[in-house]
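Working through the structure, step by step
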Amino acid sequence: MRIVPLLACLAAALSTTACASMGDESDGPPPTPSLTRSVGEPAPPQAALYADCIAAAAAAKSYMKEPGQNFLRFTCTGTVARSFYDGLGPWSASQGSEYVVVGRTERFGQRPVEDTLGIDSCSTDGADDYRCTVVLNVGEFLSAD
């Protein structure tokens, strides 16, 4: 039968390819990462909304660690939060990232897929209670003992 030699040839080819592509663990240390910082570019106007919220939250000591994550959540309120909430309006409408939850209208910086973990948001009760949370992924140092 012709299938048996074909299968044997295919198996030999696959095993040779798999062996050739496997790296040798003794090839030496991993490469040194580049530590060069990018030059950066001017921030768009909405960056001021993030910066103002973080500054207000830091001044009020209104920040906490996200449980199980290396995220810091900065929460601002008042006029700073209202400006951010208003700024998110057109974006949230275009992205479908505005929801009404327990009497509050929530606007997110990106549309939640599974949950809101790591997503910036602002909300209002429809009166004068505005709150925004900016989430920063700050890295493993945050959880160091």
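Read on for an overview of the structure. (Residues numbered from 1 in each chain as written. Predicted model: local features only at pLDDT ≥ 70, side-chain atom pairs only at ≥ 80, totals over all residues. Heavy atoms only, no water.)

**Description of the sheet that holds strand β6 (residues 130-137)**
The strands making up a sheet associate through hydrogen bonds between their backbones, and the pairing can be parallel or antiparallel. In spatial order, the strands read β1-β2-β6-β5-β4-β3; together these six strands make up an open sheet with antiparallel pairing. For this open sheet the edge positions go to β1 (63-65) and β3 (98-101), each flanked by a neighbour on one side alone. Sheet twist, expressed as the mean angle between neighbouring strand axes with direction ignored, is 20°. Across seven bridges, strand β2 (residues 71-77) lies against β6 in antiparallel orientation. Looking at the pairing, Cys76 lines up with Cys132 of β6. The strands touched by helix α2 (residues 47-59) within the sheet are β1, β2 and β6, with β2 carrying the most contacts at an inclination of about 90°. (Pairing = 2+ DSSP bridges. Helix = DSSP H or I, 4+ residues; strand = E, 2+ residues; numbered from the N terminus. Axes fitted to C-alpha atoms, helices over the stretch in contact; angles between N-to-C directions. Contact = heavy atoms within 4.5 Å.)

**Re the side chain of Glu106**
With respect to the helices, strands and loops of the structure, Glu106 is situated in strand β4 (residues 104-108). Within the buried set, Glu106 has no salt-bridge partner at all; the shortest N-O distance to an opposite charge, 4.8 Å, is to Arg104. Not counting residues within four places of it along the chain, the set of residues in contact with Glu106 comprises Ser97, Glu98, Tyr99, Val101, Ser121, Cys122 and Ser123. (Buried < 20%, exposed > 50% of the residue type's maximum accessible area, 1.4 Å probe, protein only. Lys, Arg positive; Asp, Glu negative; His and termini not counted. Salt bridge = Lys/Arg side-chain N within 4 Å of Asp/Glu carboxyl O.)

**Describing the state of the cysteines**
Tallied over the entire structure, the rule returns two disulfides. Across the disulfide from Cys53 sits Cys76; the S-S distance is 2.2 Å. One quick way to see it: the torsion about the S-S bond of Cys53 and Cys76 is about -105°, and its sign makes the bridge left-handed. Of the two residues, Cys53 sits in helix α2 while Cys76 sits in strand β2, which places them 23 residues apart along the sequence. Judged on exposure class, the residue Cys53 and its partner Cys76 are both buried. Put simply, Cys122 and Cys132 are joined by a disulfide, and their sulfur atoms are 2.0 Å apart. The sign of the S-S torsion, about 115°, decides the handedness of the disulfide formed by Cys122 and Cys132: right-handed. Of this pair, Cys122 sits in strand β5 (residues 121-124) while Cys132 sits in strand β6, placing them ten residues apart in sequence. The exposure class assigned to Cys122 is buried, which follows from its relative accessible area of 0%. With its bonded cysteines labelled in order along the sequence, the chain shows the pairing 1-2, 3-4. (Disulfide = S-S within 2.5 Å.)

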